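Here is how the chains run, residue by residue.
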Amino acid sequence: MIAIQNTSLKEMTFIDLFAGLGGFRLALESLGAKCVYSNEWDIAAQKVYAENFGDVPEGDITKVDEKSIPNHDILCAGFPCQAFSISGKQRGFEDSRGTLFFDVARIVREKRPKIVFMENVKNFATHDNGHTLEVVKATMEELGYIFFQKVLNSVDYGVPQKRERIYMICFRKDLDIKNFSYPKPFPLKKHVEDYLLEDESLVKNLYINRPDTVFNGIEDNKYSNKSIRLGIVNKGGQGERIYSTKGIAITLSAYGGGVFSKTGGYLINGKTRKLHPRECARIMGYPDTYKISKSSTQAYKQFGNSVVVDVLQYIGIEIGKSIEGKLQ
């Protein structure tokens with residue numbers, strides 16, 4: 001999370017749908033906006049969210065009456081990627097029924113926020129041969145919004161993790177915003193080693209010493225803005241690869257097995273281990289003041305499903321620039 005003096009979204013309100021750990025909330029609040037409603041169905045995530053923000057998100061979005069949601073300026077949603085079952089003849093609001101995006105759409109139709117800010121996995125852009133993205137775009141246009149989308153990688157915005165995500169920004173047409181510029185990339189200055197915990201007592205149980213560890217002979221002495229694979233355990237499948245801390249982290253995952261599951265393995269002080277949940281939090285842009293789940297299993301899952309706060313902050317700044325002078 002970047003420390004910024006920017007208040008480009010000051011006095012704007014937002015809602016936090018599919019809220020997870022509240023990454024959208026951290027980002028928008030850092031820019032001066034105020035959260036007026038949150039929704040998250042996962043009980044474990046609800047508890048962490050409540051511990052950090054003081055309110056418990058409402059549950060199952062499919063059962064929420066859209067009229068009961070407070071008015072707001074910005075709707076934020078990192079909704080799950082789902083297939084749209086209809087073949088695309090309507091290419092709009094009706095096509096989105098039966099998916100969680102439909103719940104976003106019905107809230108937008110009822111509340112008419114100025115801006116809709118959505119995030120999803122990179123594959124969303126090509127999911128179902130592009131039909132999924134086309135339905136979302138057509139639906140938002142049908143609801144009266146200008147639709148922008150772009151895939152961004154967090155490594156291009158100061159965060160040493162390969163995490164490519166699609167970011168969709170929609171402006172209500174009456175704002176007359178015809179162009180939107182996504183934040184420009186900049187060179188990476190920090191690497192995994194800058195995000196590691198210094199207290200060895202916190203990570204001592206994470207070290208793995210296996211006889212089937214094999215290193216590939218690459219010297220661990222050069223920095224890179226890519227992941228640097230140094231070796232493997234077992235057959236080198238997912239969760240069985242060892243990387244340098246002088247490179248970037250592989251994409252944190254909510255799922256997957258292997259001895260280094262969810263984070264990958266890293267060579268640290270001559271020994272190999274996976275990342276600690278707090279290190280995952282840092283690599284996702286969450287400050288050390290953020291209270292994480294006491295269950296490491298839940299924490300790994302939650303950060304693997306989360307958004308990168310820094311990227312949202314930079315996009316939020318650009319949203320602020322776009323709407324400047326448009327809200328009088």
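Structural data are supplied above this passage.
Quick caveat: nothing in here was measured; it's all calculated off a predicted structure. Throughout this description, residue numbers start from 1 for each chain and increase along the sequence as written. This being a predicted model, a pLDDT of at least 70 is required before a residue's local features are given, and a value of 80 or more before pairs of side-chain atoms are given or counted; all residues contribute to the totals for chains, interfaces and linings. Side-chain numbers here rest on the full set of heavy atoms in the structure, without hydrogens or water.

Things to note about the pattern of salt bridges
Close approach of charged atoms allows side chains with opposite charge to pair. As a reminder of what qualifies: For this document, the term salt bridge refers to a Lys or Arg side-chain nitrogen within 4 Å of an Asp or Glu carboxyl oxygen. Secondary structure counts use DSSP, requiring at least four H or I residues in a row for a helix and at least two E residues in a row for a strand, with both numbered from the N terminus. Summary of the burial criterion: residues with accessible area below 20% of their type's maximum are buried, those above 50% are exposed, and those between are partly exposed, where the area comes from a 1.4 Å probe applied to protein chains only.
One pass over the full model with this rule turns up 16 salt bridges. Taking the shortest distance from any N to any O, the salt bridge between Glu141 and Lys137 comes out at 2.7 Å. One end of the pair is Glu141 and the other is Lys137, both in helix H4 (residues 131–142) and 4 residues apart, which spans about a single turn. With relative accessibility at 29%, the residue Lys137 sits in the partly exposed group. When the shortest N-O distance is used, the salt bridge between Glu279 and Arg273 registers 2.9 Å. The exposure class of Arg273 is buried, given its relative accessible area of 1%. Among the charged side chains, a salt-bridge network with shared partners connects Arg25, Glu29 and Asp55.

Looking at the packing of helix H1 (residues 23–30) against helix H7 (residues 309–323)
What counts, and what does not: Axis lines are fitted through C-alpha atoms, for helices just across the contact stretch, and the angle between N-to-C directions can take any value from 0 to 180 degrees. An angle below 35 degrees is read as roughly parallel, one above 145 as roughly antiparallel, one from 65 to 115 as roughly perpendicular, and any other as oblique. By the definition used in this description, the sense in which the near helix is turned from the far one sets the handedness, with an anticlockwise turn below a right angle giving left-handed and a clockwise turn giving right-handed. The contact criterion used is simple: two residues touch if any of their non-hydrogen atoms lie within 4.5 Å.
In the contact formed by H1 and H7, the axes pass within 8 Å of each other and the chain directions differ by 40°. It follows that H1 is oblique to H7 by the angle criterion. The handedness of the crossing between H1 and H7 is right-handed. Residues Gly23, Phe24, Leu26, Ala27 and Ser30 of H1 form the contact with H7, whose participating residues are Val309, Leu312 and Gln313.

A short note on the environment of Ala281
In this structure, Ala281 sits in helix H5 (residues 277–283). Residue Ala281 is classed as buried on the basis of its relative accessible area of 0%. Sequence separation of Ala281 and Phe303 is 22 residues, and the distance between their C-alpha atoms is 6.5 Å. If we skip the residues at most four places from it in the chain, Ala281 touches Tyr286, Ile292 and Phe303.

Comments concerning the nonpolar core
What counts is decided by this rule: Residues belong to a common nonpolar core when they are buried Ala, Val, Leu, Ile, Met, Phe, Trp, Tyr or Cys residues joined through side-chain atoms within 4.5 Å.
Phe117 and Phe171 are the most contacted members of the largest nonpolar core, which has 64 residues in total. Here the element with the most residues in this core is H7; it accounts for 8 residues. Discounting residues that sit within four places of it in the chain, Phe117 has contacts with Phe24, Leu28, Ile74, Leu75, Cys76, Ala77, Tyr167, Met168, Ile169, Leu312, Ile315 and Ile319.

Some points on the packing of aromatic side chains
What counts, and what does not: Two rings from Phe, Tyr or Trp (for Trp, the six-membered ring) form a pair when their centres sit within 6.5 Å of each other. Planes less than 30 degrees apart are called stacked, planes more than 60 degrees apart edge-to-face, and all others tilted. Charge-over-ring contacts are defined here by two conditions on Lys NZ or Arg CZ: a distance within 6 Å of the ring centre and an angle within 35 degrees of the ring normal.
All told, the structure shown has 15 aromatic pairs when counted by the stated rule. Geometrically, the ring pair formed by Tyr243 and Tyr266 is tilted, given 6.0 Å between the ring centres and 40° between the ring planes. Of the two residues, Tyr243 sits in strand S10 (residues 241–244) while Tyr266 sits in strand S11 (residues 265–268), which places them 23 residues apart along the sequence. The exposure class of Tyr243 is buried, given its relative accessible area of 6%. The ring of Tyr207 carries Lys271 above its face, with NZ or CZ at 4.2 Å from the centroid. It is Lys274 that lies over the ring of Tyr300; its NZ or CZ is 4.4 Å from the centre.

Limitation: the analysis is restricted to geometry and does not speak to function.
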